Amino acid sequence: MDAAALAAARPDTLPAAADAYAALVSALERHHAAWTRETAARVHGADWQGRAADLATATVDRTGGRLQAAWMELALVRDTLRTAAEAFRVARGRLAADPDGAVAAAEHADAAAAARLTALAATARSGAALTAAAAVAGLGRLSDPREALNTALASLLPPPGAGPSEAAAWWRALGPDARAALTEGRPELVGGLDGLPARDRDRANRLRLTLLLQHPDTLPGPLRTGLQAVADRLARAEDGILLLALGAEGQGRAVLSHGDPDTADDVAVYVPGFGTDLAAAGRGDADRAERIRDAAVRCGSGRTTAAMVWLGYDAPPNEGLDLRSAQVAGDDRARAGAEGLHGFLDGLRAARPGPPAHVTAVGHSYGSLVVGLAARQGGGMDDVVLVGSPGAGVGRAGELGVGADHVYVGVADHDPVGRLPGGASVAGGLLLGGLPAAAALQAAGPHDLWFGRDPAGAGFGAHRFGVEPGGAGAFASHSAYFDAAADGRPSESLANIGRVVAGRGAEVTTAPHR
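All figures in this text were calculated on a predicted structure; none of them were measured in a lab.

1. Here's the deal with the pairing of strand β6 (residues 383-387)
In the case of a regular strand, side chains alternate between the two sheet surfaces.
Move 1: Of all 5 residues that make up β6, 5 are buried, and the element is covered over most of its length.
Move 2: The side-chain alternation of β6 yields two buried faces, one formed by D383, V385 and V387 and the other by V384 and L386.
Move 3: The pairing of strand β5 (residues 358-364) with β6 spans 5 bridges and is classified as parallel. Note that in β6 the partner of V362 across the bridge is V385.
Move 4: Once you follow β5 into helix α15 (residues 366-375) and on to β6, the crossover reads as right-handed.

Next comes the structure, spelled out in structure tokens:
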């Protein structure tokens, strides 16, 4: 094979063959289910004893196993054709950037696919694979990443651990057909790879969302509810919302962006905190991101804005008396989230076709700790906003990597979380009654909060902007930073956040430090 032969190849015919096998797989699955229900179940359920009964039962079980093995074998042929087509399309898409490497990878894939199909045909003719155990063993061998066809495809993908800049360069080197093949064949890869264009990730993640919701009964209840909330949000959004990340791991992952971060002048990344789940990301927290964008646009500078909710970690759950609520008292989840946030922000910059955007990270509650730990790593953000913060994991604003003059803090006078001191008493309060009970144990005006120095204190060195004080003793003030005023315009807090996002932090209304 040479470059001309690869360019003239028609790998698009392979998916059609794979679809034909997929139809056979579905038909045989239905036949196996009918056999199990209408024949095997009746034999096993009959009050029939003796040698004839034993022989009939064994025959029924053997036939059921052969039917199951047959559709598994057909599924292996289907998947082989799909993987080969994907490898050929990606290799052909790399011809312009790396012709020698593309041809070598295509030859590797061609030989590996031929060997795999030959082996499958041989076992089909001999009947050697027509037992469930043999089919499962074959499935295990062919799903091994070290198997020849899998390694051929892997050689065309970014290596494990590739950074956003490497991923961006790899994607740009692919042709449109190769990108389409990967989006269709591996939406979880394309949708989750930091450094790829926002609209490409959106297409892949929407496809993955559809695939996940095709079998909702296989998903845990909260995850199913969360994925449906994201789907509902996408279905009713009219402003070009983009799904930049989606995952079924942990409590669920999602990043929903109002506006395109690849073209916007200003980008806000809002990180929610305690009690946030996937359903909240698709509902109330997506609303907050939209209000942040609108508040920035109201500044009237003529700049374009994208604002997103980033739920790329497992926020501590709000479980009331459950021990899991005490997880908010530790920073393990925040540290894991900070690594993901740092990579995501680097990916936003790597994906930009033009000059970098002005990026503001907005952390609320426990999310402010995630933002603070990510900011310490440097890069990816220009301004930091912390609201309702129990501490950002640092002693001074200057440690956050953007410079103290680019750190802005808002805390309501009656927000109990903004006064949480460090100490075992808070963890005990969490176990007894959640955050309100923990806040009841606070010391008056501590300089050190649960996760570091008080960001609203004079010694921290950040700008403190004005917010509504909130009702005395009311926990609702902790969640009001992104609310609109009664007349529909942004509240003082939301307006100030919008000013920072729009690059006009010097215009925030100020509040005295504690």
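The structure having been displayed, the exposition proceeds.
2. Looking at the packing of helix α14 (residues 332-351) against α15
Move 1: Remark: α14 packs on α15, axes separated minimally by 8 Å, with the N-to-C direction vectors making an angle of 55 degrees. Considering their axes alone, α14 and α15 lie oblique with respect to each other. Where α14 crosses over α15, the handedness of that crossing is right-handed. Only Y366, L369, V370, V371, L373 and A374 of α15 make contact with α14, whose side of the interface consists of D332, R333, A334, R335, G337, A338, L341 and H342.
Move 2: Looking at the contact of α14 with α15 residue by residue, the classes come out as 9 nonpolar, 2 polar and 3 charged.

3. Some thoughts on the pairing of strand β3 (residues 266-271)
Move 1: Extensive coverage of β3 is indicated by the burial of 6 of its 6 residues.
Move 2: Residues of β3 alternate between two faces, with D266, A268 and Y270 on one and V267, V269 and V271 on the opposite face, all of them buried.
Move 3: Judged from the 5 bridges that link them, β3 and strand β4 (residues 305-311) form a sheet pairing that is parallel. For V267, the partnering residue across the bridge sits in β4 and is A306.
Move 4: Of the strand pairs in this sheet, β3 and β5 are connected by 6 bridges, and their pairing is parallel. Looking across to β5, one finds that V267 is bridged to V359.

4. Focus on the packing of aromatic side chains
Move 1: Summed over the entire model, instances satisfying the criterion amount to 4 aromatic pairs.
Move 2: Seen in terms of ring centroids, Y270 and F482 are 5.0 Å apart; in terms of plane orientation they differ by 55 degrees. Their pairing is tilted. Of this pair, Y270 sits in strand β3 while F482 sits in the loop between β10 (463-464) and α17 (492-501); the two residues are 212 residues apart in sequence, bridging distant segments of the chain.
Move 3: With relative accessibility at 0%, the residue Y270 sits in the buried group.
Move 4: For F482, a relative accessible area of 0% puts it in the buried group.
Move 5: Taken together through their ring pairs, the aromatic side chains of W310, Y313 and Y366 make up a single cluster.

5. Side note on the confidence of the model for the protein chain
Move 1: Considering every residue of the protein chain, the mean pLDDT works out to 86; 90% of them sit at 70 or more.
Move 2: Considering only residues more than four positions removed or in separate chains, one finds that residues 320-324, a stretch of pLDDT under 50, has 11 contacts.
Move 3: A low-confidence stretch, residues 441-446 stays under pLDDT 50, and its non-local contacts, those more than four residues away or across chains, total 10 contacts.

6. Describing the sheet that holds strand β2 (residues 253-258)
Move 1: As summarised here, the arrangement of the 8 strands in space is β1-β2-β4-β3-β5-β6-β7-β10, forming an open sheet in which the pairing is mixed. Lying at the two open borders of the sheet, with one neighbouring strand each, are β1 (241-247) and β10.
Move 2: Alignment of β1 against β2, held across 6 bridges, turns out to be antiparallel. Within β2, the residue paired with L242 across the bridge is S257.
Move 3: The strands touched by α17 within the sheet are β3, β4, β5, β6 and β7 (407-410), with β5 carrying the most contacts at an inclination of about 150 degrees.

7. A closer look at the pattern of salt bridges
Move 1: According to the stated counting rule, one finds 26 salt bridges in the structure shown.
Move 2: Here D382 and R349 are joined by a salt bridge, their closest N and O atoms 2.9 Å apart. Linking D382 in the loop between α15 and β6 with R349 in helix α14, this pair joins segments that are 33 residues apart in sequence.
Move 3: What makes D382 partly exposed here is its relative accessible area of 26%.

8. Thoughts on the environment of A315
Move 1: Position of A315 relative to the elements: it lies in the loop between β4 and α14.
Move 2: Once the C-alpha coordinates of A315 and D382 are considered, the two residues, 67 residues apart in sequence, prove to be 24 Å apart.

Calculation criteria
Residues numbered from 1 in each chain as written. Predicted model: local features only at pLDDT ≥ 70, side-chain atom pairs only at ≥ 80, totals over all residues. Heavy atoms only, no water. Buried < 20%, exposed > 50% of the residue type's maximum accessible area, 1.4 Å probe, protein only. Helix = DSSP H or I, 4+ residues; strand = E, 2+ residues; numbered from the N terminus. Pairing = 2+ DSSP bridges. Right-handed = clockwise from strand over helix to strand, strands pointing away. Axes fitted to C-alpha atoms, helices over the stretch in contact; angles between N-to-C directions. Parallel < 35°, antiparallel > 145°, perpendicular 65-115°, else oblique. Left-handed = near helix turned anticlockwise from the far one by under 90°. Contact = heavy atoms within 4.5 Å. Nonpolar A, V, L, I, M, F, W, Y, C, P; charged D, E, K, R; others polar. Phe/Tyr/Trp six-rings, centres within 6.5 Å; stacked < 30°, edge-to-face > 60°. pLDDT = per-residue confidence, 0-100. Salt bridge = Lys/Arg side-chain N within 4 Å of Asp/Glu carboxyl O.

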